[in-house]
Amino acid sequence: MTTTTAPRKSTRKAAAKPTTEADNRFADEDPRTLRGLYRDMLFVRRFEERTAQSYQQAKIGGYCHLNLGEEATVVGLAAAMRPTDYLFTNYREHGYALAKGIEPGRVMAELYGRTTGTSKGWGGSMHMYDTATRLLGGYAIVGGQVPLAVGAALAIDYRGGDDVVVCQMGDGTTNIGAFHESLNIAALWRLPVLFLVINNRTGMGTTVERSSAEPDLYKRADSYRMRGERVDGTDVLAVRDIAAELLEGARREGKPALLEAVSHRLKGHSVVDPAKYRSAQDISAAREHDPIVRFAAELVAAGVLSEQDTADLEAEVREGVEAAVAFADASPHPEPDSLFDYNYATPVPGDSRRLPADPLFTV
């Protein structure tokens, strides 16, 4: 995220303590990197919570899907990618936009439908797009992004580049035809693309076991002689490390891969979904595996963060989120006469720009 700043180091004196599993896990990690990952995850969480609040206040319209519970996958993936790598996502993409480096104010402004947003206010929640950071779109049609991502990978290969395309999708996408067609082409032509499947266990509202004959989604890579891996999507370091390995294979050797990140969705499919189809056990498990709570506890236990550090980071993040909201609130709405500005990439003869209330003919 471009908003990431190095949190101040803990002033707590180091105390003698027995070696813990967290100590071993973080032995080769830079403490500043760990704090940065935690801050980025926390920023996505607070941004999404504030988004839900703005939606309830009718400041955001249309559909709105949040990354709550998936922050470790979002941030871990971004940490593994190069800034020049391309990312295609589905409609649950606010966190990915932030992690890819888009200014939070522009992301919130897009949600608010303002001209300072990533798509000048016309895309909204499901259609973030930013050429500068190479986020090439959120896509509302399930699986709509998958063939396009493969096409981008083909362009990179054709030009002899060393960038990689990451194509993020939900578990339901693995059952559509375009998914299989795209994996087949990517493997056949050895294209630099990583397919990332977010398996949050419930799809829109149906469990994977009830919708997929092969519920181990990473195994679908076998059909195309492609490497498939499964990772704990609530573990930011695990996601970062395996994603980096798969990205490097795609980058250097033209080996596309499929990565299944298993996590929990903390809320319903969208902000208006009460998720009544989820059992009390499901809800309890999701809370128990909250990636931010668990990572914070590990960092504190290992002495990477103090309790004061976490409080300071919380305050810093909330201030940044509120600044994004203030920016969006102060940004202008699109003018009605700009409604047709992006119908075509170039001017088209006879293009009608008539608004609903305009007369058919003028005298």
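These numbers come from a predicted model, not from an experiment.

Cut-offs used in this document
Residues numbered from 1 in each chain as written. Predicted model: local features only at pLDDT ≥ 70, side-chain atom pairs only at ≥ 80, totals over all residues. Heavy atoms only, no water. UniProt positions renumbered as here; feature names shortened; annotations may be inferred. Helix = DSSP H or I, 4+ residues; strand = E, 2+ residues; numbered from the N terminus. Expected span 1.5 Å × (residues − 1). Buried < 20%, exposed > 50% of the residue type's maximum accessible area, 1.4 Å probe, protein only. Polar contact = N/O pair within 3.5 Å; in protein donor to acceptor, adjacent residues only side chain to side chain. Axes fitted to C-alpha atoms, helices over the stretch in contact; angles between N-to-C directions. Parallel < 35°, antiparallel > 145°, perpendicular 65-115°, else oblique. Left-handed = near helix turned anticlockwise from the far one by under 90°. Contact = heavy atoms within 4.5 Å. Pairing = 2+ DSSP bridges. Arc of directions from axis to C-beta. Phe/Tyr/Trp six-rings, centres within 6.5 Å; stacked < 30°, edge-to-face > 60°. Salt bridge = Lys/Arg side-chain N within 4 Å of Asp/Glu carboxyl O. Core = buried A, V, L, I, M, F, W, Y, C linked by side-chain atoms within 4.5 Å.

Peer 1: Even after reading the chapter, I still don't get the UniProt feature "domain: Dehydrogenase E1 component" (unreviewed entry) in the chain, so can you show me in this structure?
Peer 2: UniProt's feature table lists "domain: Dehydrogenase E1 component" (unreviewed entry) at residues 40–336, given in the numbering used throughout. Between the C-alpha atoms that bound residues 40–336 the distance is 37 Å, and the span itself is 45% helix and 12% strand.

Peer 1: What should I look at first to understand helix α2 (residues 31–56) in this one?
Peer 2: Relative to the 38 Å expected for 26 residues at 1.5 Å per residue, α2 spans 38 Å between its end C-alpha atoms, a close match to the ideal helical length. The element α2 is largely enclosed, with a buried count of 19 among its 26 residues. With a side-chain oxygen lying 2.9 Å from the backbone nitrogen of Arg32, the N-terminal cap of α2 falls on Asp30. Following α2 by one or two positions, Ala58 has its phi on the positive side, about 65°.

Peer 1: I'm lost on the packing of helix α5 (residues 104–111) against helix α12 (residues 307–330) in this one. Help?
Peer 2: For any two helices packed against each other, the geometry is given by the interaxial angle and the distance between the axes. Following both chains from N to C, one finds α5 and α12 inclined at 50°, their axes separated by 8 Å at the closest point. Taken together, the axes of α5 and α12 are oblique relative to one another. Considering the relative orientation of α5 and α12, their crossing is right-handed. Residue-level contacts link Pro104, Gly105, Arg106, Met108 and Ala109 of α5 to Ala324, Val325, Phe327 and Ala328 of α12.

Peer 1: What should I look at first to understand the packing of α2 against helix α3 (residues 71–80) in this one?
Peer 2: α3 packs onto α2 with a crossing angle of 130° between their chain directions and a minimal axis gap of 9 Å. If you check the angle between α2 and α3, you find them oblique. Helix-helix and strand crossings are classified by hand; for α2 and α3 the assignment is right-handed. Judged by residue contacts, Leu37, Asp40, Met41, Val44 and Arg45 of α2 engage Glu71, Ala72, Val75 and Ala79 from α3.

Peer 1: I would appreciate a short explanation of the sheet that holds strand β3 (residues 165–170) in the present structure.
Peer 2: The strands that make up a sheet are held in pairs by hydrogen bonds between backbone atoms, and each pair lies either parallel or antiparallel. One open sheet holds the 6 strands; their spatial order is β2-β1-β3-β4-β6-β5, and the pairing between them is parallel. If you trace the sheet from one side to the other, it starts and ends with β2 (135–139) and β5 (227–232), each paired once. In this sheet, adjacent strand axes meet at a mean angle of 15° when their direction is disregarded. Packed onto the sheet, helix α6 (residues 145–159) meets β1 (86–90), β2, β3 and β4 (193–199) and runs at close to 170° relative to β3.

Peer 1: Help me understand helix α11 (residues 291–301), please; the structure alone is not making it clear to me.
Peer 2: Along an α-helix, a turn takes 3.6 residues, which lines up residues three or four apart on a common side. Those residues of α11 that sit buried are Pro291, Ile292, Phe295, Ala296, Leu299 and Val300. For α11, the angular spread of the buried residues around the axis is 155°, confining them to a single face. Positive backbone phi, at 80°, marks Gly303, one or two positions downstream of α11.

Peer 1: Help me understand the packing of aromatic side chains in this model?
Peer 2: Aromatic ring pairs: the centre-centre distance and the angle between the two ring planes describe each pair. Going through the model one piece at a time under the given rule, you end up with 3 aromatic pairs. Between the aromatic rings of Phe26 and Phe295, the centroid separation amounts to 6.2 Å while the plane-to-plane angle is 85°, which identifies the pairing as edge-to-face. Here Phe26, found in the loop between α1 (21–25) and α2, pairs with Phe295, found in helix α11; they are 269 residues apart in sequence, far enough to count as distant. The pair formed by Phe26 and Phe295 is uniform in burial state, with each residue classed as buried. Relative to Phe47, the ring of Phe43 lies with its centre 6.4 Å away and its plane at 25°, an arrangement referred to as stacked. Note that Phe43 and Phe47 are positioned in helix α2 at a spacing of 4 residues, about one turn of the helix. You'll find Phe43 and Phe47 in the same group, each marked buried.

Peer 1: So what exactly am I meant to see when it comes to the pattern of salt bridges here?
Peer 2: Side-chain pairs of opposite charge can arise where the charged atoms are in close proximity. The tally for this structure, following the rule as stated, stands at 26 salt bridges. Here the salt bridges share partners, and the residues they tie into one network are Arg46, Glu49, Glu314 and Arg318.

Peer 1: Sorry if this is basic, but what is going on with the nonpolar core here?
Peer 2: Proteins that are soluble and globular tend to have nonpolar side chains buried together. In this structure, Tyr38, Phe47 and Phe295 are the most contacted members of the largest nonpolar core, which totals 60 residues. In contact with Phe47, other than residues within four places in its own chain, are His94, Leu98, Pro104, Val107, Met108, Leu111, Val321 and Ala324. Counting 25 residues, the second largest nonpolar core, distinct from the first, contains Val146, Ala152, Ala153 and Leu217.

Peer 1: Is there a simple way to think about the side chain of Asn90 in this case?
Peer 2: As for its placement among the helices and strands, Asn90 is situated in strand β1. One polar contact links the side chain of Asn90 to the main-chain amide nitrogen of Arg92, over a distance of 3.1 Å. Sequence-distant contacts of Asn90, that is, excluding residues within four places in its chain, are made with Gly138, Tyr139, Gln145, Gln168, Met169 and Gly170.

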